[in-house]
Amino acid sequence: MTDTAVPTSAAGNPIGFGRMLRKEDVRFVRGKGHYIDDVNLPGMLHGAILRSPHAHARIISIDTSAAEAHPKVHAVITGAVLDTLGLAWMPTMSYDTQAVLATDKVRFHGQEVAFVIADDRYSARDALELIDVDYEVLDPVMDAKRALDDGAPIIRDDKDGQTDNHIFDWEAGDAAATDAVFASAEVIVKQEMLYPRSHPAPMETCGTVADMNPLSGKLTLYSNTQAPHAHRTVYAMVAGLPEHQIQVICPDIGGGFGNKVPIYPGYVCSIVGSIVTKRPVKWVEDRSENLMSTGFARDYHMKGEIAATKDGKILGLKVDVLADHGAFNATAQPTKYPAGFFHIFTGSYDYGAAHCKVSGVYTNKAPGGVAYACSFRVTEAVYLVERIVDCLADELGMDPAELRMKNLLRPEQFPYTTPTGWEYDSGDYPRALQLALDIAGYADLRKEQADKRERGELMGIGISFFTEGVGAGPRKHMDILGLGMADGCDLRIHPTGKAQIRLSVQSQGQGHETTFAQIVAHELGIPPEDIQVINGDTDNTPFGLGTYGSRSTPVSGAAAAVVSQRVREKAKIIAATALECSVDDLEWELGRWQVKGDPDQGKTIQELALLAHSNLELPEGVEGHLDAQAVYNPPNLTYPFGAYICVVDVDPGTGHVQVRRFIAVDDCGPRINPMIVEGQVHGGLVDGIGMALMEVIAFDKDGTNLGGSYMDYLLPTPMEVPSFELGETVTPSPHHPLGVKGVGESATVGSPAAVVNAVVDALKPYNIRHADMPLTPAQVWMTMQGKTLRTDLAFED
C-alpha cells in the first residue's frame, strides 16, 4: 500500500500504513522522556558494585568492616551473604549458572564482588574503596583458540565434572553429502576469519530500582529491560517469590540492541538490597561498567570452505566455528539453538549441500553473546558467507556482482528449504541486487576504479547480499528457559471509540507507540492519534518474551493485527444487530461496516463501540463491549533480505578508510511506516560501518578489558559515514497476517561484509584476499605490508 492510497485523519495522520511522525517524539524531543535514572521513590537508597581488577583470581578473603562503618552506608552484601540466602548463583538464559557476586573466584575483569548500599550514589561508590579483597591471581584464558589446550586453566571449576573449558558442540546440515560435493568440486576456496567481540553500547546504561514492600510482600522492580515478562518469571524462579507478587515496570529505554535482554547481577543485588534494608534501592551502572561487564556480541572465530565449478556455480559450503562465550554461558537465544540461527550461513544462494559445526568455549571474558542488532547470530552467518563468496570471486577472476547474480535464488524457487533446514518464505533476490547495482551506477564505478588504479589510488567496491530470519517462534521449535516464544496482545475500544492496545513487547526506541497504533488503524480505521499503546508493565500487559532478535513487528505486530481483526469481526455482529440484517449482508469499508449495495446503511467503528456498551440486545452468546485478546504463535520465521554496495577510498600512506558511498536496498515486505523503517536502516548501517572499521573489545595479556570507555571503544559519528542511498523492493511474507517481514536491524546484518569486501577490493594491488575486522588504519596498513594483526587481543600470538 502506498502512502497516497491511505486516507488521513483530521490530524493529518495516515489511517493505516504510511509516513507519520512518531507519537513518542512529542516527549522525547522536549527532554520529557522518563528513564530508569528518573525513577526516584521516597526513602530510596543507592547501590554500587565492587568489581574485580583481575580476569582470573581466587578470592582469599573479603573485609567489609571499614565500608560498613561508613556513616552513610546501610549494608554491604557479598557472595558469602548471598550464599546463606541461596542467591549467590543465578541461572542464565542458556541453562548455565552465573555468579551474582563472586564467592570462590573471579572469572573476568569487572566481575561483581560486593554490593554497597548507601544514602546516595556517591557515598556508595566512595565506600567501595574501603573494601579490602585479598586475591590469589591465576593465569587467565583470553584466547578462545587456546581454551581447549591441554593444561589450559579451568575456568568453571565450580561445576561438577567440568574438566576443561568446553561448553557445547553443535552441528547443522548434512556432513556426508557436503563432503561428497567437495570431493568432486573443481574449485575449493578456504578462508579463516574473525568476527571480533563488539558491544551494543546503548546510549542509556542498565539499571534497576527495587522496592520490596515488607507488609504486602510485593516486589516492584523498575527496570530498563527488553524482556519484562521473562525477567519476572526468572526472578520468581530464582528468589522463590510468588510471580503474581512481582511487578516489573519498564520506563522509557534509551536503546537496548540486545544488551538489555539478560538478567545482570546488579538487578538481583538491588532486589536483595531492598529486602535487607526494607527500603527501595536504585542501581544504575556507569559507562565503563556497561562496556566491561554486560552482554557482548560476536566473538566468533570462523573457518569457511566453499566449493564451486570453474564457471562459478556454487556447489556447497563448510563452516567450522569456535564461539567465545566468556566466563559464563549467558547467551539469550532459543534453547534448541546454542549457536543461535548461525545455520542460516548458507545465505541467499542456490546450492544443495552445506554443513557447519560450532563449538562453544569458556574464556576469562565477560559473558554475553546477545543478539546485537540482528536475529540470533545471523550477522556472523551473513558475514561468513558474503566474505567467502568474495574470496571465490577473486579465485575465479569473476566480478563479485556477476558471481552473486549467477547463484542467487530465483522467485519461482520459493518457498525454498535451505540445506540446513530453513524455509525461506518469499523473495525476488535478483531484482533487489539489480536495483542496488542500478542505484550505484555499478559499471561506471568499476570504470572509475580502473582509472584510479592507474593513478595509484586505492578505491574499493564491496557487495553483500543477505537473508535474515526474524520473528522467533514458532514456540514448538523455540523457547527460552522453557518459555515458548509467542506474544500476547489485548485491545479495548472504549465507548467513545478511542482505543487502548496492550503489548507484551517493550519499546527500546523503535517507535512502537506509532507503529502499533498504525497497525490497529489499518485494521479498524481508528485514527492513530486515538489509539494508546501500552507496554512495559507486567501487571497491565499480556505475557510475551520481549523485544530482541528483530521480533517485535513479525510477532507482536502480527498479534496486534489478529486482535484487531477479532474486534472487527465482533463489531460486524453488533452492526448486523443494529442494522437488522444478516452478517453475510455486510461489507467492510475502512472504519465502517455497511450493507452491500446500500452503503448509506452502515455503522462506523466508533458508533459500534458505543452500541457495544448500550442496551442493544445482542445475539445469544455474544458478550457486550468491544475488546479482544490474542496470543500469536508464528507459523514460521519471516525472511527479510537485501543487497548492499559500499564504495571506499583507502589512503595508501596511513591505511585510513573513508566510506564514500553506501547503497542499501532492503525488502522487509510492506512498510507500516516508511520513515521509521528508513531510520532503522540508517541506524543499522552506522552500526555495521562501526563494527567493520573501529568497534572492538580488546584485552591485554592479563585479561584487562581495554575497551572500557568511549575513548577506547570507538563509535562512528557523522564524520565516518556518508549520506546513505536507500532503495526498496516489496515481497510480502505469506506467514504474516499483514505480509510484513520486519526490518529489525537487517542493515547491521548486511553492512559489515559490504564494507570489508570494499576494503579488500581496494587492496587488490597488494594481492590481498582477506583482512579481519575492525579495519582500523593500523590493521589496514599492516595488511598492506603482508602482516596480520589480532584485533581482539592486544598482544602477540
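Reading the values: the criteria
Residues numbered from 1 in each chain as written. Predicted model: local features only at pLDDT ≥ 70, side-chain atom pairs only at ≥ 80, totals over all residues. Heavy atoms only, no water. Pairing = 2+ DSSP bridges. Helix = DSSP H or I, 4+ residues; strand = E, 2+ residues; numbered from the N terminus. Axes fitted to C-alpha atoms, helices over the stretch in contact; angles between N-to-C directions. Contact = heavy atoms within 4.5 Å. Domains from an automatic or database assignment. Buried area = accessible area lost by both parts, 1.4 Å probe. Salt bridge = Lys/Arg side-chain N within 4 Å of Asp/Glu carboxyl O. Nonpolar A, V, L, I, M, F, W, Y, C, P; charged D, E, K, R; others polar. Phe/Tyr/Trp six-rings, centres within 6.5 Å; stacked < 30°, edge-to-face > 60°. Buried < 20%, exposed > 50% of the residue type's maximum accessible area, 1.4 Å probe, protein only. Polar contact = N/O pair within 3.5 Å; in protein donor to acceptor, adjacent residues only side chain to side chain.

S.K.: Teacher, can you tell me more about the sheet that holds strand β31 (residues 657-667) here?
M.R.: Note on sheets: strands pair through backbone hydrogen bonds, and any given pair is parallel or antiparallel. Strand order in the open sheet formed by four strands is β20-β30-β31-β32, with mixed pairing between adjacent strands. Every interior strand has two partners, whereas the edge strands, β20 (458-467) and β32 (725-728), have only one. Neighbour-to-neighbour, the strand axes of the sheet open up by a mean angle of 15°, direction not taken into account. By the bridge criterion, ten bridges tie β20 to strand β30 (residues 641-650) in an arrangement that is antiparallel. Bridging across to β30, Met459 finds its partner in Asp649. Set on the sheet, helix α16 (residues 674-693) makes contact with β30, β31 and β32; between it and β31 the angle comes to about 140°.

S.K.: Can you help me understand the domain arrangement of the protein chain in this one?
M.R.: In many reports, interface size means the accessible area that the parts give up when they come together. Under the domain assignment, the protein chain is made up of domain 1 (36-138 + 205-253 + 260-293), domain 2 (378-468 + 639-784) and domain 3 (486-632). Taking both partners together, domain 1 and domain 2 bury about 640 Å²; carbon and sulfur atoms supply 58% of that area. If you sort the residues of domain 1 by the area they bury against domain 2, His109, Arg287 and Leu291 come out on top, with a joint share of 67%. Applying the counting criterion to the domain 1 and domain 2 interface returns zero salt bridges. Considering only residue class, the side of domain 1 that touches domain 2 consists of three nonpolar, two polar and one charged.

S.K.: Looking at this structure, I do not really get the pattern of salt bridges. What am I missing?
M.R.: Side chains that carry opposite charge are capable of pairing whenever their charged atoms lie near each other. Under the criterion given, the structure shown has 52 salt bridges. A salt bridge links Lys452 to Glu448, with the shortest nitrogen-to-oxygen separation between them at 3.6 Å. With Lys452 and Glu448 both in helix α12 (residues 442-454) and four residues apart, the pair spans about one turn of that helix. Salt bridges linked by common partners bring Arg58, Asp96, Asp104, Lys105, Arg107, Arg156, Asp157, Asp158 and Lys159 together as one network.

S.K.: What's the story with the packing of aromatic side chains in this structure? I'm lost.
M.R.: The relative placement of two aromatic rings is captured by the distance of their centres and the angle of their planes. For the structure on display, the rule yields 25 aromatic pairs. Look at Tyr416 and Tyr424: their rings are 6.3 Å apart centre to centre, the planes differ by 50°, and that puts the pair in the tilted class. Using a relative accessible area of 11% as the deciding quantity, one classes Tyr416 as buried. Between Tyr644 and Phe662, the aromatic rings sit 5.7 Å apart at their centres with planes inclined by 75°, giving edge-to-face as the arrangement. Taken together, the residues Tyr644 in strand β30 and Phe662 in strand β31 connect sequence positions 18 residues apart.

S.K.: Please clarify how the environment of Tyr429 should be interpreted in this entry.
M.R.: Examined against the element boundaries, Tyr429 turns out to sit in helix α11 (residues 429-440). Look at Tyr429 and you get buried, because its relative accessible area is 0%. Spatially, the C-alpha atom of Tyr429 lies 22 Å from that of Ala307, the residues being 122 residues apart in sequence. Ignoring any residue separated from it by four or fewer positions in sequence, one finds Tyr429 in contact with Ser348, Leu408, Leu409, Phe414, Tyr424, Phe465, Thr467 and Phe641. Looking at Tyr429, its side chain comes within polar contact range of the side chain of Thr467, at 2.9 Å.

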